[in-house]
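Survey of secondary and tertiary structure
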Amino acid sequence: MTAQDFILESYNSTIEKGKVKWSSPSNIALVKYWGKRDQQIPQNPSISFTLSNCKTITEVTYVKKDSSDFSFDVIFEGVKNEAFKPKIETFFKRIEAYVPFLKDYHFTIDTSNTFPHSSGIASSASGMSALAMCLMSIEQELGAQYSEEFVIKKASFLARLGSGSACRSIEGELVVWGQNDSTDSSDLYGIKFDGDIHPNFKNYQDTILLVDKGEKQVSSTVGHKLMHGHPFADERFKQAHDNLAKLKSIFASGDLENFVKIVESEALTLHAMMMTSMPYFILMKPNTLEVINKIWAYRKANNSNVCFTLDAGANVHVLYPESEQDSVLEFIKNELSDYCQNQQYIVDFVGNGAEKLKIN
Ligand code: PMV
């Protein structure tokens, strides 16, 4: 498919108003997307677990209007929010060609997250995917006749234009994004990983340790840009293709030992790219390293398959199979929670993606 296939050609503009509501989760990448060109076209393929508990709930009310500008209000956690407006305005401008009714309506975007505000957890993946699903529902209320498959693809395509990794939150349990030889994925949208998944990877657990809740010093937008002309970029992009191919067979065979190796190597490579860009930067904090060392020691002592991954920040995602749930949660409570701000962590697990919600 090409971007042209996502243009809505005609719609019923006599509809005066309506309301739609969706929830959409965050996701955690196993092979990381870092480096992009044009508008969120990734320089390498990525694959992620979709999460369950960390999600955004968004209700969009639309009311017909006359003026020819974008018009919308954002309500975040019950309070009118001006700070999010520029990001949404940029998103609307980018997707207008595909969603041509955006200037015909005034939108009230009422949104909230299930995870604590300013926890250092990026809400752009859950937020942009929830908004994309709302727009797809509106498109259908305005008469578009789509298959369910097309709705999911276009929602992922739109979400990608809001925030790259958001395209991997529409479905679960594993989503691949970015052209590669191991799957049928595309640079334009994420697809559900359709390879075999061994029971070892069913209901995989992710406990997110809130090591640092502060604002990041360097945004991912800037980080992605620093991959242009990065001395190790080409090798890194190749490595991501190789790691995705390896993960595909690991998911089929259930090889947890090699899963751990690839996932941790990907996390450290992501941060190595940050440390070796110009300008260089470090997003890990001392407690990030303390936690990593504790995880390694625990894994060795207990013959465990627990491992860590990181996104673009200091927080640590602790990944483990469901069979180790009780023991690892005990370990986190007793030995890792002291490294978290206010001892806070979020217990999450793999989920199935966005869900349509009833309007109250
Ligand atoms: O979607 P963005 O532009 O915020 O980039 C996210 C990049 C990482 O979270 C670091 C990796 C990934 O693949 O999610």
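Numbers given to residues run from 1 along each chain, matching the order in which its sequence is written. Where local features are concerned, this predicted model is filtered to residues with pLDDT of at least 70; where side-chain atom pairs are given and counted, the filter is 80 or more; whole-chain, interface and lining totals use all residues. Side-chain descriptors were evaluated using all non-hydrogen atoms of the structure, hydrogens and water having been removed beforehand.

Comments concerning the pattern of salt bridges
Salt bridges are defined as contacts in which a side-chain nitrogen from Lys or Arg sits within 4 Å of a carboxyl oxygen from Asp or Glu. Throughout the structure, instances matching the rule amount to 11 salt bridges. Among the ionic pairs, K202 bridges to E173, the shortest N-O distance being 3.3 Å. In this pair, K202 sits in the loop between β9 (190-192) and β10 (205-209) while E173 sits in the loop between α3 (148-162) and β8 (174-177), placing the two residues 29 residues apart along the sequence. Burial status follows relative accessibility: with a 1.4 Å probe on protein chains alone, a residue under 20% of its type maximum counts as buried, one over 50% as exposed, and anything between as partly exposed. Overall, the relative accessible area of 37% leaves K202 in the partly exposed class. Salt-bridge contacts for E335 lead to K294; the nearest nitrogen and oxygen are separated by 3.9 Å. Residue E335 is found in helix α8 (residues 325-336), and its partner K294 is found in helix α7 (residues 286-302); the two are separated by 41 residues along the sequence. The partly exposed category is assigned to E335, whose relative accessible area is 37%. You can call K294 partly exposed: its relative accessible area is 29%. In this text, helices come from DSSP runs of H or I with a minimum length of four residues, and strands from runs of E with a minimum of two, each type numbered from the N-terminal end.

A look at the packing of helix α1 (residues 85-95) against helix α2 (residues 124-141)
At a minimum axis separation of 13 Å, α1 and α2 run at an interaxial angle of 50°. When the axis of α1 is compared with that of α2, the two are oblique. When you trace α1 past α2, the crossing you get is right-handed. Contact residues: α1 offers K87, I88, F91, F92 and I95, while α2 offers S124, M128, L131 and L135. Residues are sorted three ways: Asp, Glu, Lys and Arg are charged, Ala, Val, Leu, Ile, Met, Phe, Trp, Tyr, Cys and Pro are nonpolar, and all the rest, Gly among them, are polar. Its residues assigned to classes, the contact of α1 with α2 shows 7 nonpolar, 1 polar and 1 charged. Inter-axis angles, ranging from 0 to 180 degrees, are taken between N-to-C directions of lines fitted to C-alpha atoms, where helices are fitted over the stretch in contact. By the definition adopted for this analysis, an angle is roughly parallel if under 35 degrees, roughly antiparallel if over 145, roughly perpendicular if from 65 to 115, and oblique otherwise. In this scheme the handedness of a crossing depends on how the near helix is turned from the far one: anticlockwise by less than a right angle means left-handed, clockwise means right-handed. In what follows, residue pairs with any heavy atoms lying within 4.5 Å of each other are defined as contacts.

Some details on the site of the ligand
In this text, near means that some heavy atom of the residue lies within 4 Å of the molecule or strand in question. In the neighbourhood of the ligand, 13 residues make up the surrounding shell, with Y33, S165, R168, S220 and H224 lying closest. Here a polar contact means two N or O atoms within 3.5 Å. Within protein one must be a hydrogen donor candidate and the other an acceptor candidate, and residues neighboring in sequence count only if both atoms are side-chain atoms. In the model, an oxygen atom of the ligand is placed 3.3 Å from a nitrogen or oxygen of the S163 side chain. Contact between the ligand and S220: an oxygen atom at 3.1 Å from a side-chain N or O atom of the residue. The Shrake-Rupley method, run with a 1.4 Å probe, gives the accessible areas here. Residue values count only the displayed protein chains as cover. The protein chains hide 90% of the 380 Å² of surface that the ligand would expose on its own. The class makeup of the residues in the shell around the ligand is 5 nonpolar, 5 polar and 3 charged.

Looking at the pairing of β8
Here β8 shows two buried faces, one formed by L174 and V176 and the other by V175 and W177. Pairing between two strands is assigned when DSSP locates at least 2 bridges connecting them. Strand direction decides the pairing type here: strand β4 (residues 46-64) and β8, joined by 4 bridges, are antiparallel. Looking at β8, one finds that S48 is bridged to V175. Of the pairings in the sheet, the one linking β8 to β9 comprises 3 bridges and is antiparallel in character. When the sheet's bridge partners are listed, V175 is paired in β9 with K192.

Overview of the nonpolar core
F92, I95, F101, L102, F107 and I138 are the most contacted members of the largest nonpolar core, which has 45 residues in total. Those elements giving two or more residues to this core turn out to be β1 (17-31), β4, β5 (71-76), α1, β7 (105-113), α2 and α3. Broken down by element, this core gets its largest block of residues, 9 residues, from α2. Not counting residues within four places of it along the chain, the set of residues in contact with F92 comprises F70, F72, L102, F107, I109 and L135. For our purposes a nonpolar core is just a set of buried Ala, Val, Leu, Ile, Met, Phe, Trp, Tyr and Cys residues, chained together by side-chain atoms within 4.5 Å.

Focus: the environment of N44
Mapping N44 onto the fold places it in the loop between β3 (41-42) and β4. A sequence separation of 200 residues divides N44 from L244, and the C-alpha atoms of the two residues are 10.0 Å apart. Each residue touching N44, except ones within four places of it in the same chain, is listed here: K32, Y33, W34, W177, R236, F237 and A240. Looking at N44, its side chain comes within polar contact range of the main-chain oxygen of K32, at 3.0 Å.

Notes on the sheet that holds strand β13 (residues 345-349)
Spatially, β11-β12-β10-β13 is the arrangement adopted by the 4 strands of the open sheet, whose pairing is antiparallel. Every other strand in the sheet has two partners, leaving β11 (307-310) and β13 as the edge strands with one partner each. Taking the axes of each pair of neighbouring strands and ignoring which way they run, one obtains an average angle of 25° across the sheet. As paired strands, β10 and β13 are joined by 5 bridges and run antiparallel to one another. Paired with L209 across the strands is Y345, a residue of β13. Each of β11 and β12 (316-320) touches helix α6 (residues 256-275); the most contacted strand, β11, lies at about 30° to it. In the packing of α8 onto the sheet, contacts are made with β10, β12 and β13, and the angle to β12 comes to roughly 155°.

With respect to the environment of N342
Inspection of the secondary structure assignment puts N342 in the loop between α8 and β13. The exposure class of N342 is exposed, given its relative accessible area of 64%. C-alpha of N342 to C-alpha of L135: the two residues are 207 residues apart in sequence and 37 Å apart in space.

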